[in-house]
Amino acid sequence: MHQAIPYSYKTYFPTTIGLSRDTSTTATTTTTSVADSTNVGKLVSENAVIVFGRRGCCMCHVVKRLLQGLGVNPTVSEVDDQDEVAVVNQLLRIIGVDQKSGAPDGSSVQFPVVFVGGKLFGGLERVMATHISGELVPVLKEAGALWL
């Protein structure tokens, strides 16, 4: 009988006594984990396109696949539940919004959050709307994420 391999972001190798975890590699090189909320600003400024999302979020996956389909290799930062509040506060500081009041419309940051060229681009709705209208590719070219 074959043993099912559990889903995880770590790589598992079958052994004679069960599963062995290889902790030296992750499944994707473009996926980072925001362990320290102080590096959020650095991630935003160093990457042409970065997507912040909850670990395992299907909407984050949709944004990532759309951008990859256009030829962009976005950095995806998966946020754990325990780091979410600190990361949201850092994102609000980068956007320039008071942390207590939230976003200008009274809401807070909702994942996935996409930054293009070091500036807040929006979430899934904005990415999809600009893609459908044909405005996404020029924005990505301007940010240096596409060379076509």
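Since the model is a prediction, treat every value here as computed from it, not as a measurement.

Enquirer: Residues and numbers for helix H3 (residues 84–95), please.
Expert: Helix length check: H3 (12 residues) gives 16 Å between terminal C-alpha atoms against 16 Å at 1.5 Å per residue, within 8%. Tucked into the core, H3 has its buried residues touching helix H1 (40–46), strand E4 (49–54), strand E5 (75–79) and strand E6 (113–116). Of the residues flanking the end of H3, it is glycine 96, one or two places downstream, whose phi is positive at about 95°.

Enquirer: I'd like a description of the packing of aromatic side chains, backed by residues and values.
Expert: This structure, assessed with the given rule, holds 1 aromatic pair. Aromatic pair phenylalanine 52 and phenylalanine 115: ring centres 6.0 Å apart, planes at 85°, arrangement edge-to-face. One end of the pair, phenylalanine 52, is in strand E4; the other, phenylalanine 115, is in strand E6, with 63 residues separating them in the sequence. The pair formed by phenylalanine 52 and phenylalanine 115 is uniform in burial state, with each residue classed as buried. When the ring centre of phenylalanine 121 is taken as origin, the NZ or CZ atom of arginine 126, which lies over that ring, is 4.3 Å away.

Enquirer: So what about the nonpolar core? Which residues, and what values?
Expert: Formed by 19 residues in total, the largest nonpolar core has its most connected members in Val49, Val51, Leu67, Val72, Val114, Leu136 and Leu140. For this core, the elements supplying multiple residues, two or more each, are E4, helix H2 (58–69), E6, helix H4 (124–133) and helix H5 (136–143). Sequence-distant contacts of valine 72, defined by excluding residues within four places in its chain, comprise Val49, Leu67, Leu140, Ala145 and Leu146. Within the second largest apolar cluster, 15 residues are counted, among which are Val40, Val44, Leu91 and Phe115.

Enquirer: With reference to specific residues and values, describe the pattern of salt bridges.
Expert: Under the criterion given, the structure shown has 3 salt bridges. The partner of arginine 54 in a salt bridge is glutamate 84, and the shortest N-O contact between them spans 2.8 Å. Taken together, the positions of arginine 54 in strand E4 and glutamate 84 in helix H3 put the pair 30 residues apart, joining distant regions of the chain. Taking relative accessible area as the criterion, arginine 54 reaches 35% and is therefore assigned partly exposed. Since its relative accessible area comes to 19%, glutamate 84 is described here as buried. When the shortest N-O distance is used, the salt bridge between aspartate 80 and arginine 55 registers 2.6 Å. One end of the pair, aspartate 80, is in the loop between E5 and H3; the other, arginine 55, is in the loop between E4 and H2, with 25 residues separating them in the sequence.

Enquirer: How would you explain the packing of H2 against H4 if you had to name every residue and give the values?
Expert: The interhelical angle for the contact between H2 and H4, taken along N-to-C directions, is 30°, at an axis separation of 10 Å. Of the possible angle classes, the one that applies to H2 and H4 is roughly parallel. Remark: the crossing between H2 and H4 carries left-handed chirality. On H4, the residues that touch Met59, Val62, Val63 and Leu66 of H2 are Leu124, Val127, Met128 and His131. Considering only residue class, the contact of H2 with H4 consists of 7 nonpolar, 1 polar and no charged.

Enquirer: Break down a nonpolar patch on the surface for me, with residues and values.
Expert: A grouping of Met59, Val62, Met128 and Ile132 is seen on the molecular surface, where their side chains present a nonpolar patch of about 340 Å² in accessible area. Among the secondary structure elements, those contributing two or more residues to the nonpolar patch are H2 and H4. Considering the arrangement of structural elements, one finds isoleucine 132 in helix H4.

Enquirer: An account of the pairing of E5 is needed here, citing residue identities and associated values.
Expert: With 5 of 5 residues buried, E5 lies mostly within the body of the structure. The alternating pattern of E5 places Thr75, Ser77 and Val79 on one face and Val76 and Glu78 on the opposite face, and all of these are buried. The pairing of E4 with E5 spans 5 bridges and is parallel. Bridged to isoleucine 50 within E5 is threonine 75. In this fold, E4 hands off to H2, which returns the chain to E5; that crossover is right-handed.

What counts, and where the lines are drawn
Residues numbered from 1 in each chain as written. Predicted model: local features only at pLDDT ≥ 70, side-chain atom pairs only at ≥ 80, totals over all residues. Heavy atoms only, no water. Helix = DSSP H or I, 4+ residues; strand = E, 2+ residues; numbered from the N terminus. Expected span 1.5 Å × (residues − 1). Contact = heavy atoms within 4.5 Å. Phe/Tyr/Trp six-rings, centres within 6.5 Å; stacked < 30°, edge-to-face > 60°. Buried < 20%, exposed > 50% of the residue type's maximum accessible area, 1.4 Å probe, protein only. Lys NZ or Arg CZ within 6 Å of the ring centre and 35° of its normal. Core = buried A, V, L, I, M, F, W, Y, C linked by side-chain atoms within 4.5 Å. Salt bridge = Lys/Arg side-chain N within 4 Å of Asp/Glu carboxyl O. Axes fitted to C-alpha atoms, helices over the stretch in contact; angles between N-to-C directions. Parallel < 35°, antiparallel > 145°, perpendicular 65-115°, else oblique. Left-handed = near helix turned anticlockwise from the far one by under 90°. Nonpolar A, V, L, I, M, F, W, Y, C, P; charged D, E, K, R; others polar. Patch = residues over 30% accessible without salt bridge, like charges linked within 9 Å, V, L, I, M, F, W, Y side chains within 5 Å. Areas by Shrake-Rupley, 256 points an atom, 1.4 Å probe, with all protein chains shown as cover. Pairing = 2+ DSSP bridges. Right-handed = clockwise from strand over helix to strand, strands pointing away.

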